[in-house]
Amino acid sequence: MRAHTGLFDMPTRVLVPLDDSPLAMRALGHALDEWPDAAMTVLHVVDPVDAVYESEVGGLTGAETWYEAEMDAAEKLFDRARERADETGVALRTEIAVGKPGRAIVQYVADNDIDHVVIGSHGRQGLQRVFLGSVAERVLRRADATVTVVP
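Bear in mind the structure is a predicted one, so any value in this text is a computation, not a measurement.

A.B. asks: What is the right way to read the packing of aromatic side chains from this model?
C.D. replies: To describe a pair of aromatic rings, one takes the distance between the centres and the angle between the planes. As enumerated under the stated definition, the model contains 1 aromatic pair in all. Ring centres of W66 and Y67 lie 6.1 Å apart, and the angle between their planes is 55 degrees; this geometry places the pair in the tilted category.

A.B. asks: Quick question: what am I supposed to make of the pattern of salt bridges here?
C.D. replies: Here the idea is simple: oppositely charged side chains can pair when their charged atoms come close. Counted under the stated rule, the structure contains 7 salt bridges. Across the salt bridge formed by D113 and R13, the nearest N and O atoms sit 3.2 Å from each other. A residue pair is termed long-range when its members are at least 10 positions apart, and D113 in the loop between helix 3 (101-111) and strand 4 (116-120) and R13 in strand 1 (residues 13-17) qualify at 100 residues. Look at R13 and you get partly exposed, because its relative accessible area is 27%. Each of the salt bridges in this network shares a partner with another, and the network as a whole consists of R13, D113 and D115.

A.B. asks: It is not clear to me how helix 4 (residues 134-142) should be interpreted in this structure. Could you clarify?
C.D. replies: Each full turn of the α-helix corresponds to 3.6 residues, which orients residues three or four apart in the same direction. Among all positions of helix 4, only V135, A136 and V139 are buried. The buried residues of helix 4 occupy an angular sector of 100 degrees when projected down its axis, which confines them to one face. Exposed side chains of helix 4 directed beyond 90 degrees from the buried face belong to R141 and R142.

A.B. asks: What is the right way to read the side chain of S21 from this model?
C.D. replies: Summarising the element assignment, S21 is placed in the loop between strand 1 and helix 1 (22-34). We classify S21 as buried; its relative accessible area is 4%.

A.B. asks: What should I look at first to understand the sheet that holds strand 3 (residues 92-98) in this one?
C.D. replies: As a general point, the strands of a sheet are linked pairwise by backbone hydrogen bonds and lie either parallel or antiparallel. Pairing within the open sheet is parallel, and its 5 strands lie in the order 3-2-1-4-7. Strand pairing shows two members of the sheet lacking a second neighbour, strand 3 and strand 7 (146-150), which therefore form its edges. When strand polarity is set aside, the average angle formed by the axes of neighbouring strands in this sheet is 25 degrees. Across 5 bridges, the pairing between strand 1 and strand 2 (residues 39-46) is parallel. Paired with L15 across the bridge in strand 2 is T41. Sheet contacts for helix 3: strand 1, strand 2, strand 3 and strand 4; angle to strand 2, the most-contacted strand, approximately 150 degrees. Along the sheet, helix 4 makes contact with strand 4 and strand 7, crossing strand 4 at roughly 160 degrees.

Conventions adopted
Residues numbered from 1 in each chain as written. Predicted model: local features only at pLDDT ≥ 70, side-chain atom pairs only at ≥ 80, totals over all residues. Heavy atoms only, no water. Phe/Tyr/Trp six-rings, centres within 6.5 Å; stacked < 30°, edge-to-face > 60°. Salt bridge = Lys/Arg side-chain N within 4 Å of Asp/Glu carboxyl O. Helix = DSSP H or I, 4+ residues; strand = E, 2+ residues; numbered from the N terminus. Buried < 20%, exposed > 50% of the residue type's maximum accessible area, 1.4 Å probe, protein only. Arc of directions from axis to C-beta. Pairing = 2+ DSSP bridges. Axes fitted to C-alpha atoms, helices over the stretch in contact; angles between N-to-C directions. Contact = heavy atoms within 4.5 Å.

Right, dumping it as structure tokens:
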């Protein structure tokens, strides 16, 4: 468990989970504006459950190309994030994790000594399903870091 020395400590390692939702980009903008001197990482989580949906819609071919399509989509998200970061002069580190988003984010925080997470209050997953803040709630409750939820 991380020892915090005070409520108003400036974070040194900020994580911004990123999906294709407007709130995720808003969270990134907030993080860039508030903590431009922190080491900033953008994390995109690829949920393998989505491959099941793709196989139901597109058959076996859809499932086979799913991972490749997800990696391409992640790179496009990262390009958008870098463009936004370039406006503020902040360098971004980008990472991809595979798994259930809430768990993967909490695990990344633990494994990488992240001291602050900035996350949108809800986003999208899979075939544009709105998920009602379950990822943000899990991160807020379980991550061993300060969490800012951007509405």
